[in-house]
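# Coordinate inspection notes
So the chains spell out like this:
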Amino acid sequence: MNLILMGPPGAGKGTQARRIAERYNIPQLSTGDMLRAAVKAGTSVGLRAKAAMESGGLVTDDIVVGIIADRIGEADCAHGFILDGFPRTVAQATALDGMLTERGLKIDHVIDITADTEALVTRITGRSTCSLCGEGYHAVYKKPAVAGECDKCDGTLTTRADDNEETVRNRLTVYHQQTAPVIEHYRNGGKFKTIDGMEAMDSVFEKLCAILG
Ligand code: ADP
Ligand code: ZN
């Protein structure tokens, strides 16, 4: 099963992708996570991506297309994968079509998780993540039992450098200008579905599972 999860920043793509990965036993391919890892490791990709990520802009198409082309060729993707945060431009969607055709693969579902803009700002500016297990938290909606510490493991919670209000607003603008048109690329294929991301996380997950079967 090859799946694309779409939606604006903060809609819950990452959280849901992690849960789908667990339930269906297929990897979550998050270009955001991979780019953050590259920045942290100081690789050449990381050096090229850093400034765009810090400002909330997009990293160039050639970088992310290269990352995904390499990643879907790895053994753990043989039975499927979840694309989280890619494609984010029409050019990336076209490049993805090409690499899938080349490998005799196809996308089975494209699911767009929607949410309203102001709610997204509140969600993103309050969120934090466990540096060990990746569990997500929120200052208002999902507080850890002990401030700054993960409930599930010994990890400490970290906040993403780009999760401040100014950068978030920029990411939302970029989403509306560059990523929303990608929906049109998939809308008429018969594989496109929308889920309301304003609902509770568990309810969104149930709806996703109902689509995936
Ligand atoms: P979010 O969806 O919450 O904004 P991500 O973790 O998906 O966060 O992405 C963080 C940043 O990484 C983006 O703001 C962008 O700079 C970069 N990025 C991630 N995926 C892509 C992509 N497919 N194309 C271009 N840039 C990307
Ligand atoms: Zn943890």
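A brief structural summary. (Residues numbered from 1 in each chain as written. Chains lettered and ligands numbered in written order. Predicted model: local features only at pLDDT ≥ 70, side-chain atom pairs only at ≥ 80, totals over all residues. Heavy atoms only, no water.)

The next subject is the site of ligand 1. Close contacts around ligand 1 come from 19 residues, with Thr31, Arg36, Gly57, Gly85 and Gln92 the closest. Interatomic distance of 3.3 Å between a side-chain N/O atom of lysine 13 and an oxygen atom of ligand 1. At a separation of 2.9 Å, an oxygen atom of ligand 1 approaches a polar side-chain atom of arginine 36. In the complex, the protein chains occlude 97% of the 550 Å² of accessible area that ligand 1 would expose alone. Considered class by class, the residues forming the shell around ligand 1 number seven nonpolar, five polar and seven charged. (Near = heavy atom within 4 Å. Polar contact = N/O pair within 3.5 Å; in protein donor to acceptor, adjacent residues only side chain to side chain. Areas by Shrake-Rupley, 256 points an atom, 1.4 Å probe, with all protein chains shown as cover. Nonpolar A, V, L, I, M, F, W, Y, C, P; charged D, E, K, R; others polar.)

The next thing to look at is the pairing of strand 5 (residues 127–130). Of the two faces of strand 5, only the one carrying Ser128 and Cys130 is buried; Arg127 and Thr129 on the other face are not. Two strands pair when backbone bridges link them, and strand 5 and strand 6 (residues 136–138) are joined in this way by three bridges, in the antiparallel orientation. Among the inter-strand pairings, arginine 127 is bridged to a residue of strand 6, identified as histidine 138. Linking strand 5 to strand 6, which pair antiparallel, is a turn of five residues; within it glycine 134 sits at a positive phi near 85°. Here strand 5 pairs with strand 7 (residues 157–158) via two bridges, running antiparallel. Bridge pairing in strand 7 places threonine 129 opposite threonine 158. (Buried < 20%, exposed > 50% of the residue type's maximum accessible area, 1.4 Å probe, protein only. Helix = DSSP H or I, 4+ residues; strand = E, 2+ residues; numbered from the N terminus. Pairing = 2+ DSSP bridges.)

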